[in-house]
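What follows is the residue order along each chain.
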Amino acid sequence: MAILSALGTEVFIPVAAAVGVAFAIAQWLLVARVKVNPAHAAAAASSGGSKNGGYGDYLIEEEEGLNDHNVVVKCHEIQTAISEGATSFLFTEYQYVGVFMSIFAVVIFLFLGSVEGFSTKSQPCTYSKDKYCKPALFNALFSTASFLLGAITSLVSGYLGMKIATFANARTTLEARKGVGKAFIIAFRSGAVMGFLLASSGLVVLYITINVFKLYYGDDWEGLFESITGYGLGGSSMALFGRVGGGIYTKAADVGADLVGKVERNIPEDDPRNPAVIADNVGDNVGDIAGMGSDLFGSYAESSCAALVVASISSFGINHDFTGMCYPLLVSSVGIIVCLITTLFATDFFEIKAVKEIEPALKKQLIISTALMTVGIAIISWLALPAKFTIFNFGAQKEVTNWGLFFCVAIGLWAGLIIGFVTEYYTSNAYSPVQDVADSCRTGAATNVIFGLALGYKSVIIPIFAIAVSIYVSFSIAAMYGIAVAALGMLSTIATGLAIDAYGPISDNAGGIAEMAGMSHRIRERTDALDAAGNTTAAIGKGFAIGSAALVSLALFGAFVSRAGVKVVDVLSPKVFIGLIVGAMLPYWFSAMTMKSVGSAALKMVEEVRRQFNSIPGLMEGTGKPDYATCVKISTDASIKEMIPPGALVMLTPLIVGTLFGVETLSGVLAGALVSGVQIAISASNTGGAWDNAKKYIEAGASEHARTLGPKGSDCHKAAVIGDTIGDPLKDTSGPSLNILIKLMAVESLVFAPFFATHGGLLFKWF
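The residue count restarts for each chain, going from 1 along the sequence in the order it is written. Totals for whole chains, interfaces and linings use every residue, but because this is a predicted model, local features are given only for residues with pLDDT of at least 70 and side-chain atom pairs only at 80 or more, for both listing and counting. Remark: hydrogens and water are excluded; side-chain values derive from all non-hydrogen atoms of the structure.

The protein chain appears in an unreviewed UniProt entry as H(+)-exporting diphosphatase from Oryza punctata. UniProt positions are given in the numbering used here, feature names are shortened, and annotations may be inferred rather than shown by experiment. Taken verbatim from the UniProt record of the protein chain, the Subcellular location (unreviewed entry) comment is "Endomembrane system".

Written as structure tokens, this is what we have:
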């Protein structure tokens, strides 16, 4: 028996979630002490300040040609415009997504309810035919309810993240006047608010859902946890639309702003004369914050659901061991406590005093959280798991020890760190790969593109080996359950990962606000330094998301194969092989759709920005005012319209294949999409990240080599901007969305597995 009692488990999980929420609120209150409202700012300045975070510190320099009041007024106006634009877009997007959510909920209920002809009689259990489980109709009802819960939680996670980011961006800009360390603390604390809110809300909603469903299901844990898989499906389906819609929005604006402003008109990034500049800054929040928040919430929900489904048909479920069953939730609970301690290292224990200390501080967050989490996993594995137990392994029960399971979680955790650092090596301009890409700009945009593509393909090698080793070791120890908890291990420090990830767009917005408010060059240098570090850490976050998606998808695939009654997936079988080759094609089709969508939206944006520069008198001279609202509308309309076809491709493929061709062909589709999707996602994200940081390397001119390639506006710099523009849809739209594609198809197949097993394969039955 486990040392930790069922009562201890029931107390520890909600308490850990409550601590995470309380910490997020505390961080938000600290950020809120920086006043953006001009009247409040004046009152705060006159009252002096506290030592903690330097909120009342004197400015270390005066602005050039601007007094303090004017700076605060301008920052407040720009922040309000960005916040209103982001809120407007999300509400428009959520209206469309709400319609989809309602229709798909009905589809889930009808498909799953029809498995036993909408019968209300108890049925023999799938894995224990001598026992009776709850009727299929009620499984359909509860699966639909958990789908809606997951979807709503995902939408709320994205919305809260966006509100926090737009609340913090101008505050980061204003704090940059006191030094780079003060600005870093505000940006990082704001990211931590999002990280802890999302991790805690995801955990507590899942925990409450399990306990409420248990009131009906009682001893039928197989049915209970099968219906819980809808939670992961809801989370990921909303994440898909958030990532694709937000990604199209942000990159359409970014490409339009860069091509006309920086390349054609030779004006700085985020120059207030550029009509697309507000849309660009709005895009950072709806794509990189709201979309990314929903994405990582979906990963967390799916990895938890995959582990719970596999455990429910193992000794934990058979013996009704509640503590052992909740092991995935206990790992996430420990992760919240570990991330809380880790965050204090960045905000309270150490102070950043120079630009060069920013990136190491963020990297230390990853190392500290991983090291502490390893200890945390060891403790919770010892307390929550029996010394020996059995795990379901394709029709048999495999004996596993608690230390074996600890090793599965730990290997996922450390594989994530390896993927993160390899990603950093290939996307940070501190290392030779990106510097080589920057150097290739000497001979024009073509060689820049060639070098960038080569870098992206090469960057796939080590992460794939790390994922492969994790899969082999964890499967050897604990079958599919081992892979599910390895994915959970990779996501166990999600609060820190999200804090680092959200920090990037907040810093990017802060730089844009500094430029638009006309603040001094020194302030812009500081915000650029924060942004450059954020670019690298954002790439690390994408690496984590893709790596965990591979493990989550494989765990869900294993659960689907077991639930659908497929004994062996034989690749030499024609039914499986056609699925395999079609599945491998799907990421290319999806990437083509999303990239073309960005291209189409960017085309309209470029034409509008050119029109305004040519038709508005005095715009280039700074005497005319650009029409920001039209550019915001172009991005909004294009992204809403263009997100539907890629979303439909992902959501309809499992339904069509499973219904018409059956579970064997669908298992081939899932395997093919997983294998090719992971490779394309890693290479696309890293190529785009490398092109972006090669451009920033030339712009910063921090080394002798970089200065030979610059300055801004040189032919070399223009070639780098073109590379960055090509990379934008790769790193912020197609790449990050692909990890959702492979996870979402797998979890959708698992949810609909009872229907496919009973009624699927219509074409093969007819012919």
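After that view of the structure, there is still more to cover.
Student: Which residues make up unusual backbone geometry, and what are the values?
Tutor: Even without being a glycine, asparagine 266 presents a positive backbone phi close to 55 degrees. By definition, any uninterrupted DSSP run of H or I lasting at least four residues is a helix, any uninterrupted run of E lasting at least two residues is a strand, and each is numbered from the N terminus. The topology assignment puts asparagine 266 in the loop between α6 (221–264) and α7 (277–312).

Student: Could you give an account of helix α4 (residues 136–175), with specific residues and numbers?
Tutor: Expected helix span is taken as 1.5 Å per residue step, with the number of steps being one fewer than the number of residues. Given a rise of 1.5 Å per residue, 40 residues ought to cover 58 Å, and the 58 Å separating the end C-alpha atoms of α4 matches this to within 8%. Along α4, the sharpest kink reaches roughly 25 degrees, centred on alanine 168. For the exposure calls, accessible area comes from a 1.4 Å probe over protein chains only, and a residue counts as buried if that area is under 20% of its type's maximum, exposed if over 50%, partly exposed in between. Judged by how many residues are buried, α4 sits mostly within the fold: 29 of 40 residues are covered. We define the bend at any residue as the angle between the axes fitted to the seven residues before and including it, ending there, and the seven starting there.

Student: Which residues make up the side chain of serine 685, and what values do they have?
Tutor: Assignment of secondary structure puts serine 685 in helix α21 (residues 663–700). Residue class for serine 685 comes out buried when judged on its relative accessible area of 5%. By the convention used here, residues are in contact when the closest approach between their heavy atoms is within 4.5 Å. The contacts of serine 685, once residues within four sequence positions are left out, are Lys542, Ile546, Leu730, Lys731, Gly735 and Pro736.

Student: With reference to specific residues and values, describe empty space enclosed by the protein.
Tutor: Using protein atoms alone on a 1 Å grid, points that fit a 1.4 Å probe yet trap it form a cavity, whereas open point sets bounded by protein on both sides within 12 Å along at least five of seven lines form a pocket; residues with an atom within 4 Å of a point count as lining. Grid points are joined across faces, edges and corners, and a volume is the space filled by probe spheres set on the points. With the rule as written, the count across this model stands at eight cavities of 30 Å³ or more. Volume-wise, the largest cavity comes out at about 350 Å³. What lines the largest cavity is a set of 31 residues, among which Asp288, Asp508, Asn535, Asp692 and Lys731 lie closest to the centre. Looking at the lining of the largest cavity, the elements that each hand over two or more residues are α6, α7, α16 (494–516), α17 (521–564), α21 and α23 (715–751). Considering only residue class, the lining of the largest cavity consists of four nonpolar, seven polar and 20 charged. In this structure, the second largest cavity spans a volume of roughly 160 Å³. Along its surface, the second largest cavity is lined by 15 residues, and Thr493, Ile494, Gly497, Leu498 and Phe544 are the ones closest to its centre. Of all the elements in the fold, those that place two or more residues in the lining of the second largest cavity are α11 (358–384), α15 (461–491), α16 and α17. Lys, Arg, Asp and Glu make up the charged group, whereas Ala, Val, Leu, Ile, Met, Phe, Trp, Tyr, Cys and Pro make up the nonpolar group; the residues left over, Gly among them, are polar.

Student: Outline the pattern of salt bridges, listing residues and values.
Tutor: Counted as salt bridges are all cases of a side-chain nitrogen of Lys or Arg within 4 Å of a carboxyl oxygen of Asp or Glu. Considering all chains together, one arrives at 25 salt bridges under this definition. Two residues, lysine 695 and aspartate 724, come together in a salt bridge whose shortest N-O distance is 2.9 Å. With a gap of 29 residues between them, lysine 695 in helix α21 and aspartate 724 in helix α23 connect regions that are remote in the sequence. The exposure class of lysine 695 is buried, given its relative accessible area of 1%. For arginine 707, the salt bridge goes to glutamate 704, with nearest N and O atoms at 3.4 Å. Separated by three residues within a single helix, arginine 707 and glutamate 704 lie in helix α22 (residues 704–709), roughly one turn from each other.

Student: Could you give an account of the packing of helix α5 (residues 180–217) against α16, with specific residues and numbers?
Tutor: Angles here are taken between N-to-C directions and fall from 0 to 180 degrees, while the axes themselves are lines fitted to C-alpha atoms, restricted in helices to the stretch in contact. α16 packs onto α5 with a crossing angle of 135 degrees between their chain directions and a minimal axis gap of 7 Å. The angle between α5 and α16 falls in the class oblique. Taken as a pair, α5 and α16 cross one another with a handedness that is right-handed. Residues Phe184, Ala187, Phe188, Ser190, Gly191, Ala192, Met194, Gly195, Phe196, Leu198 and Ala199 of α5 form the contact with α16, whose participating residues are Ile494, Ala495, Leu498, Ala499, Ile500, Ala502, Tyr503, Ile506 and Ser507. Class assignment of the residues belonging to the contact of α5 with α16 gives a composition of 16 nonpolar, four polar and no charged. Note on angle classes: values under 35 degrees are labelled roughly parallel, values over 145 roughly antiparallel, values of 65 to 115 roughly perpendicular, and the remainder oblique. For any pair of crossing helices, the crossing counts as left-handed if the nearer helix is rotated counterclockwise from the farther one by less than a right angle, and right-handed if it is rotated clockwise.

Student: Tell me what's going on with the pairing of strand β3 (residues 388–393), and back it up with residues and numbers.
Tutor: When DSSP locates at least two bridges between a pair of strands, those strands are taken to pair. Of the strand pairs in this sheet, β3 and strand β4 (residues 396–401) are connected by six bridges, and their pairing is antiparallel. For phenylalanine 389, the partnering residue across the bridge sits in β4 and is valine 400. The antiparallel pairing of β3 with β4 creates a hairpin that spans two residues between the two strands, and phenylalanine 394 there sits at a positive phi of about 50 degrees.

Student: For the packing of aromatic side chains, give the residues involved together with the corresponding values.
Tutor: The pairing test for Phe, Tyr and Trp rings, Trp by its six-membered ring, is centres within 6.5 Å, and the orientation test on the planes gives stacked under 30 degrees, edge-to-face over 60, and tilted for anything in between. Evaluation of the coordinates by the stated rule reveals 29 aromatic pairs. For the ring pair phenylalanine 345 and phenylalanine 349, a centre distance of 5.0 Å and an interplane angle of 85 degrees mean the geometry is edge-to-face. Of the two residues, phenylalanine 345 and phenylalanine 349 are both situated in helix α10 (residues 327–349); the distance of four residues between them amounts to about one turn of the helix. Classification of phenylalanine 345 by relative accessible area gives partly exposed; the value is 25%. With relative accessibility at 47%, the residue phenylalanine 349 sits in the partly exposed group. An aromatic cluster of at least three residues, connected via ring pairs, comprises Phe100, Phe104, Phe111, Phe147, Phe241, Phe752, Phe755 and Phe756. Directly above the ring of tyrosine 216 sits lysine 134, whose terminal nitrogen or CZ lies 5.0 Å from the centroid. Positioned above the aromatic ring of phenylalanine 167 is the side chain of arginine 171, whose terminal nitrogen or guanidinium carbon lies 3.8 Å from the ring centre. By definition, being over a ring means that NZ of Lys or CZ of Arg is both within 6 Å of the ring centre and within 35 degrees of the ring normal.

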